[in-house]
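Spelled out, the chains give:
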Amino acid sequence: MPALSAGTDPAPRVHPRTVSTAHRHGLPLHAGHTAHVQDVLRTDDLIAAVCDTAYEELGIHAVLRWSVPDPVRADTDAAFEKAFWEPSSRIERLAPALTPAPGVPGPTPVGTKT
């Protein structure tokens, strides 16, 4: 099951601590690419909003509301690690219950390379 990250007000670049946190967990992430949610959203997507503001902006499109504190405010490695693990642990528990659309591969555990 592919996963994407996008924002309702994306920054011009991915925060360097986000990139380094992703790389520590084996996730390929490039600092130069961000996306607006409308550029990646499909009608059959399951959306987890990790920001309360984004949840409100998405309205009925946001199915899951996962409040995760913004790590940029603290700007520490620990804050970025926590922001990685909070949704990751929820995804690990949720993924087995989801049925991928036909032709879409099953879930890949967080932190592994595909």
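Residues numbered from 1 in each chain as written. Predicted model: local features only at pLDDT ≥ 70, side-chain atom pairs only at ≥ 80, totals over all residues. Heavy atoms only, no water.

Colleague: Mind showing me how you'd approach the overall build of the protein here?
Modeller: The number of helices and strands found in the protein is five helices and two strands. Across the 114 residues in the protein, those meeting the buried criterion constitute 22%. Intrachain contacts of the protein at a sequence separation of at least 6 include 47% that bridge at least 24 residues. Summing over all exposed atoms, the protein offers an accessible surface of approximately 7900 Å²; the carbon and sulfur share of this is 58%. (Helix = DSSP H or I, 4+ residues; strand = E, 2+ residues; numbered from the N terminus. Buried < 20%, exposed > 50% of the residue type's maximum accessible area, 1.4 Å probe, protein only. Contact = heavy atoms within 4.5 Å. Areas by Shrake-Rupley, 256 points an atom, 1.4 Å probe, with all protein chains shown as cover.)

Colleague: Explanation requested: unusual backbone geometry in the structure shown.
Modeller: Working note: non-glycine residues mostly have negative phi, and peptide bonds are mostly trans. Despite not being glycine, Asp-75 shows a phi value in the positive range, around 50°. Summarising the element assignment, Asp-75 is placed in the loop between helix H4 (71–74) and helix H5 (77–94). Judged by relative accessible area, Asp-75 falls into the partly exposed class, the value being 35%.

Colleague: How do you make sense of H5 when you look at a structure like this?
Modeller: One turn of the α-helix equals 3.6 residues, which is why residues spaced by three or four share an orientation. Taking 1.5 Å of rise per residue, 18 residues should cover 26 Å, and H5 covers 26 Å from first to last C-alpha, within 8% of that figure. All buried positions along H5 are accounted for by Ala-79, Phe-80, Glu-81, Phe-84, Glu-86, Pro-87 and Ser-88. Looking at the packing, one finds that the buried side of H5 touches helix H1 (16–24) and H4. (Expected span 1.5 Å × (residues − 1).)

Colleague: For this particular structure, what's the right way to read the packing of aromatic side chains?
Modeller: The relative placement of two aromatic rings is captured by the distance of their centres and the angle of their planes. Across all of its chains, the model carries one aromatic pair by this definition. Taking the centre distance of 4.9 Å and the plane angle of 90° together, the rings of Phe-84 and Trp-85 count as edge-to-face. You can call Phe-84 buried: its relative accessible area is 12%. (Phe/Tyr/Trp six-rings, centres within 6.5 Å; stacked < 30°, edge-to-face > 60°.)

Colleague: For this particular structure, what's the right way to read the packing of H1 against H5?
Modeller: Packed helices, taken two at a time, are described by their axes: the angle between them and the distance between them. Contact geometry of H1 with H5 gives a least axis separation of 10 Å together with a crossing angle of 60°. Compared by their axis directions, H1 and H5 come out oblique. Judged by the sense of rotation from one axis to the other, the crossing of H1 with H5 is right-handed. Counted together, Arg-17, Thr-18, Thr-21 and Arg-24 of H1 and Asp-77, Phe-80, Glu-81 and Phe-84 of H5 form the full contact between these two elements. (Axes fitted to C-alpha atoms, helices over the stretch in contact; angles between N-to-C directions. Parallel < 35°, antiparallel > 145°, perpendicular 65-115°, else oblique. Left-handed = near helix turned anticlockwise from the far one by under 90°.)

Function-wise, these values are silent; they only describe arrangement.
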